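Spelled out, the chains give:
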Amino acid sequence: MAALLFLDVDGPLIPFGGTGYRVAPGRWESSGNPLLGRLDPALGPRLLRLPCELVWATTWGDQANEAVAPRIGLPDLAVVDWPEPSEAEGRDGLHWKTRHLSAWAAGRPYAWADDEITPADRAWTAAHHPAPTLLHRVDPRTGLTGEDFDVLACWLGGAGV
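Anyway, here's the lowdown on the structure attached to this text. (Residues numbered from 1 in each chain as written. Predicted model: local features only at pLDDT ≥ 70, side-chain atom pairs only at ≥ 80, totals over all residues. Heavy atoms only, no water.)

**A few points about the pairing of strand E5 (residues 133–137)**
Thinking step 1. Sheet topology note: the strand E4 (residues 110–114)/E5 ladder contains five bridges and is parallel. Among the inter-strand pairings, Ala113 is bridged to a residue of E5, identified as His136.
Thinking step 2. Each parallel crossover has a hand, and for E4 linked through helix H5 (residues 119–128) to E5 it is right-handed. (Pairing = 2+ DSSP bridges. Helix = DSSP H or I, 4+ residues; strand = E, 2+ residues; numbered from the N terminus. Right-handed = clockwise from strand over helix to strand, strands pointing away.)

**Side note on the sheet that holds E4**
Strand pairing in a sheet takes place through backbone hydrogen bonds and is either antiparallel or parallel in direction.
Thinking step 1. Read from one edge to the other, the open sheet built from five strands follows the order E3-E2-E1-E4-E5, with strand pairing classed as parallel. Every interior strand has two partners, whereas the edge strands, strand E3 (78–79) and E5, have only one.
Thinking step 2. Strands strand E1 (4–7), strand E2 (53–56), E3 and E4 of the sheet are contacted by helix H4 (residues 98–105), whose axis makes an angle of about 145° with E4.
Thinking step 3. Across the face of the sheet, H5 comes into contact with E4 and E5 while running at roughly 175° to E5. (Contact = heavy atoms within 4.5 Å. Axes fitted to C-alpha atoms, helices over the stretch in contact; angles between N-to-C directions.)

**Regarding H4**
Thinking step 1. Regarding H4, the residues found buried are Thr98, Leu101, Ser102 and Ala105. The arc enclosing the buried residues of H4, seen along the axis, measures out at 100°, which places them on a common side.
Thinking step 2. On its buried face, H4 is in contact with E1, E4 and H5.
Thinking step 3. At the exit of H4 stands Ala106, carrying a positive phi of roughly 50°. (Buried < 20%, exposed > 50% of the residue type's maximum accessible area, 1.4 Å probe, protein only. Arc of directions from axis to C-beta.)

**So, the packing of aromatic side chains**
Thinking step 1. Evaluated as defined, the whole model comprises three aromatic pairs.
Thinking step 2. Judged by centre distance (5.2 Å) and plane angle (70°), the ring pair of Phe6 and Tyr110 falls under edge-to-face. Here Tyr110 lies in strand E4 and Phe6 lies in strand E1, a separation of 104 residues in the sequence.
Thinking step 3. According to the relative accessible area criterion, Phe6 is buried, its value standing at 0%.
Thinking step 4. For Tyr110, a relative accessible area of 1% corresponds to the buried category.
Thinking step 5. Where Trp82 meets Trp96, the ring centres are 5.0 Å apart and the plane angle is 75°; that geometry is what we call edge-to-face. On the criterion of sequence distance, the pair formed by Trp82 in the loop between E3 and H4 and Trp96 in the loop between E3 and H4 is long-range, its members being 14 residues apart.
Thinking step 6. A relative accessible area of 35% places Trp96 in the partly exposed class.
Thinking step 7. Ring pairing ties together the aromatic residues Phe6, Trp104 and Tyr110, which thus form one cluster. (Phe/Tyr/Trp six-rings, centres within 6.5 Å; stacked < 30°, edge-to-face > 60°.)

**Considerations on the packing of H4 against H5**
Thinking step 1. The interhelical angle for the contact between H4 and H5, taken along N-to-C directions, is 35°, at an axis separation of 10 Å. Our pair here, H4 against H5, has a crossing hand that is right-handed. Seen from H4, the contacting residues are Thr98, Arg99 and Ser102; seen from H5, they are Asp121, Trp124 and Thr125. (Left-handed = near helix turned anticlockwise from the far one by under 90°.)

**As for the side chain of Asp40**
Thinking step 1. Here Asp40 is to be found in the loop between helix H1 (27–30) and helix H2 (43–49).
Thinking step 2. Despite being buried, Asp40 has no salt bridge partner; Arg46 is the closest side chain of opposite charge, sitting 6.9 Å away.
Thinking step 3. Here Ala42 takes part through its backbone nitrogen, which lies 2.9 Å from a polar atom of the side chain of Asp40. (Lys, Arg positive; Asp, Glu negative; His and termini not counted. Salt bridge = Lys/Arg side-chain N within 4 Å of Asp/Glu carboxyl O. Polar contact = N/O pair within 3.5 Å; in protein donor to acceptor, adjacent residues only side chain to side chain.)

**Description of the pairing of E4**
Thinking step 1. Within E4, five of the five residues are buried, which leaves it mostly tucked inside the rest of the structure.
Thinking step 2. Burial of E4 is two-sided: the residues Tyr110, Trp112 and Asp114 facing one way and the residues Ala111 and Ala113 facing the other way are all buried.

**Examining the nonpolar core**
Thinking step 1. Judged by nonpolar contacts, the single largest core of 32 residues is most densely connected at Leu5, Leu13, Leu47, Trp56, Val68 and Leu156.
Thinking step 2. Elements with a contribution of two residues or more to this core: E1, H2, E2, helix H3 (63–72), E4 and helix H6 (146–159).
Thinking step 3. No other element matches the five residues that H3 contributes to this core.
Thinking step 4. Ignoring anything within four residues of it in the chain, the contact list for Leu13 reads Asp8, Arg38, Leu39, Leu43, Leu47, Trp56, Val68, Ile72 and Leu144.
Thinking step 5. With eleven residues, the next largest nonpolar core counts Leu4, Phe6, Leu101 and Ala105 among its residues. (Core = buried A, V, L, I, M, F, W, Y, C linked by side-chain atoms within 4.5 Å.)

The following block contains the structure:
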């Protein structure tokens, strides 16, 4: 069974520091989401070439399949459904997604590309997830770059799994 790659949208796919790429306007731009213009259409094919199962791990939820996937050439992907926030989440220095992604992976190897990963998330995952993991922090100013893809491809191709 292939490793999972959990994908965040804001930061990794929609960079905050770039001018972005022009894409055909759609309902999201007309409904007030100008950030979709920052999506690089080349990301989809690059992601599809990685030896893994892609999964949305974003607060966009199912909207990632509606608004993001078609603009970068991805099919509909599985979506992590987040639990209701609780007061206890995040108090121990962990990102609020960390524990839930480990549970969702159900013992499978996974990589997680996000712009908010910290050393605390890596340490917790190494101590609590039974399979190999790669928690890869993406610079939100640039989004996923060639270097990020190299790291992900190397790990997913067997170096870390």
